[in-house]
Amino acid sequence: KTRLAFCLRGQGGTHIWTMAPAGGDPERVLLDPMEQIWARWSPDGRRIAFHSGTDVWVAPLGGGPLSRLTESEAIDGRPAWSPDGQEIAIISDRSGNLDVWALPADGGEARPVVVDPTEDSIMGQVHWPQSGVWSPNGREIVFYSSRSGNWDVWVAPSEGGEARQLTTDPAADRFPAWSPDGRWILFDSDRGGGRLWNDSIGGGRLWRVPAEGGAAEPVLGEDGWSLIFSPDGDTVYFGARREGYGNLYEKPFGSTAERQLTEFAGRPGYLAWLHDTDGESLYFTWSEDHGDLWVMDVEQPGGTPR
């Protein structure tokens, strides 16, 4: 990774900044005063998609004119790039509900991906997490919805078509994301006594279900949250709160063996969210008076983040 992108909330509003992974002075991407929320890198790292107000925009990293991808009375937001960078999936209420639409990344007409036929139905709302929306091969899109009368995980063809329901448990299943190999979909659930928190920090217990359908099984205990994969997909990193303190851990995906990476006992503040990894470093948010970005070396368990 050559740059990190993040949204910083200041007195003038929320704006996109980037900085070197090793630290240093951050740089503001756009000097435009408009709010810039939900910043997402394009797969080639040259553009950042975001939403501002009720529209979706794309900004070139090296400077240049902004591209406004939507301009309507609809609420459009939460952009998610396709793996090939050709399209951007969004959540939009242009059909009456919050549904899934796709936009050409270079501009053009939006096309429907998942549209609930029942207009103005609160039970048809669609949502998705901060990442992991498109399948690795770009053929499917995962989301969670209350269209069944319960919060469940669904998958739809990215070209449009009938969505299929992956979970049917009476519990609330939310915040799904693909595993890097596309075989599994991970999601948060309150089944088994787990607790759901909120969309900004995720939920209490993590489960997985085969992407083709089947029985779900737990991945982390009730004390775990914010799981991310190593680039090769073999290792997972996550936060867990044990003995009163949140710390970072790693383990092989599908294994029960764990390694504790940090020792935050007695440190002011709390571990909020694990954001990303390049296989060598972990990038996470630590909240004391404010939420700050931190980085640590995954090969130095118990080391000092910076």
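As the structure is a computational prediction, the values presented were derived from the model and not from experiment.

J.: Would you mind showing me how to read the overall build of the protein here?
T.: The secondary structure content of the protein amounts to zero helices and 28 strands. Of all 306 residues assigned to the protein, the portion counted as buried reaches 48%. Of the contacts made within the protein by residues no fewer than 6 positions apart, 33% connect residues no fewer than 24 positions apart. Entry remark: accessible area of the protein is about 14,600 Å², with carbon and sulfur atoms responsible for 48%.

J.: Help me understand the nonpolar core in this model?
T.: In globular proteins that are soluble, nonpolar side chains generally tend to be buried together. Judged by nonpolar contacts, the single largest core of 15 residues is most densely connected at Y237, L248, L274, L282 and F284. Put simply, the parts of the chain that give this core at least two residues each are β22 (224-229), β26 (270-277) and β27 (281-287). Considering every element that reaches this core, the biggest residue donor is β26, with four residues. Excluding residues within four positions of it along the chain, L248 makes contact with F238, G239, R259, Q260, L261, T262, L271, L274, L282, F284 and M296. Core analysis: the next-biggest nonpolar cluster, separate from the first, contains 14 residues, A80, V126, F143 and W154 among them.

J.: Explain the pairing of strand β20 (residues 205-210) here, please?
T.: Note on strand geometry: in a regular strand, side chains alternate between the two faces of the sheet. Of all six residues in β20, five are buried, a share of seventy percent or more. Both strand β17 (residues 184-189) and β20 contribute to a ladder of six bridges, which runs antiparallel. Looking at β20, one finds that L186 is bridged to R208. Bridge count between β20 and strand β21 (residues 217-218): two bridges; the pairing is antiparallel. From the neighbouring strand, R208 faces β21, where its bridge partner is E217. The antiparallel hairpin formed by β20 and β21 contains six residues in its connecting segment, where G213 sits at a positive phi of about 105 degrees.

J.: What is the right way to read the pattern of salt bridges from this model?
T.: Side chains that carry opposite charge are capable of pairing whenever their charged atoms lie near each other. The tally for this structure, following the rule as stated, stands at twelve salt bridges. Among the salt bridges present, the one from D55 reaches R68, with a minimum N-O distance of 2.7 Å. Here D55, found in strand β6 (residues 55-60), pairs with R68, found in strand β7 (residues 67-68); they are 13 residues apart in sequence, far enough to count as distant. On the accessibility criterion, R68 (40% relative accessible area) is partly exposed. For R259, the salt bridge goes to E250, with nearest N and O atoms at 2.6 Å. Given the relative accessible area of 26%, R259 is considered partly exposed. Residue classification places E250 among the buried residues on the basis of a relative accessible area of 15%. One network of salt bridges, in which partners are shared, links D55, R68 and E71.

J.: Mind showing me how you'd approach the environment of L103 here?
T.: Relative to the elements of secondary structure, L103 occurs in strand β10 (residues 99-104). In this view, L103 contacts V56, L69, T70, Q86, E87, I88, I90 and A110; residues no more than four positions away in its chain are not counted.

J.: Could you clarify how one ought to interpret the sheet that holds strand β5 (residues 47-52) in this entry?
T.: Note on sheets: strands pair through backbone hydrogen bonds, and any given pair is parallel or antiparallel. Strand order in the open sheet formed by four strands is β4-β5-β6-β7, and the pairing between neighbours is antiparallel. Across the chains shown, the open sheet's two edge strands, defined by having one partner strand only, are β4 (37-41) and β7.

J.: It is not clear to me how the side chain of K251 should be interpreted in this structure. Could you clarify?
T.: By the element assignment, K251 lies in strand β24 (residues 245-252). In this structure K251 is buried but unpaired, with E258 as the nearest side chain of opposite charge at 4.5 Å. Here V219 takes part through its backbone oxygen, which lies 3.0 Å from a polar atom of the side chain of K251. Not counting chain neighbours up to four residues away, the residues in contact with K251 comprise V219, L220, D234, T235, V236, F238, A257 and E258.

J.: When you look at the confidence of the model for the protein in this model, what are you seeing that I'm missing?
T.: The predicted coordinates of low-pLDDT regions are not to be read in fine detail. The share of residues in the protein with pLDDT of 70 or more is 88%, and the mean pLDDT across the chain is 83. Predicted confidence is poor over residues 119-123, with pLDDT under 50, and the contacts of this stretch with residues over four places away or in other chains come to eleven contacts. In this model, residues 196-203 is a region of pLDDT below 50 whose contacts with residues beyond four sequence positions or in other chains number 31 contacts.

J.: Is there a simple way to think about the sheet that holds β22 in this case?
T.: One open sheet holds the four strands; their spatial order is β22-β23-β24-β25, and the pairing between them is antiparallel. The strands lining the two open edges of the sheet, one partner per strand, are β22 and β25 (259-260). Relative to strand β23 (residues 235-242), β22 runs antiparallel, the two sharing four bridges. From the neighbouring strand, I228 faces β23, where its bridge partner is Y237.

Criteria and thresholds
- Residues numbered from 1 in each chain as written.
- Predicted model: local features only at pLDDT ≥ 70, side-chain atom pairs only at ≥ 80, totals over all residues.
- Heavy atoms only, no water.
- Helix = DSSP H or I, 4+ residues; strand = E, 2+ residues; numbered from the N terminus.
- Buried < 20%, exposed > 50% of the residue type's maximum accessible area, 1.4 Å probe, protein only.
- Contact = heavy atoms within 4.5 Å.
- Areas by Shrake-Rupley, 256 points an atom, 1.4 Å probe, with all protein chains shown as cover.
- Core = buried A, V, L, I, M, F, W, Y, C linked by side-chain atoms within 4.5 Å.
- Pairing = 2+ DSSP bridges.
- Salt bridge = Lys/Arg side-chain N within 4 Å of Asp/Glu carboxyl O.
- Lys, Arg positive; Asp, Glu negative; His and termini not counted.
- Polar contact = N/O pair within 3.5 Å; in protein donor to acceptor, adjacent residues only side chain to side chain.
- pLDDT = per-residue confidence, 0-100.

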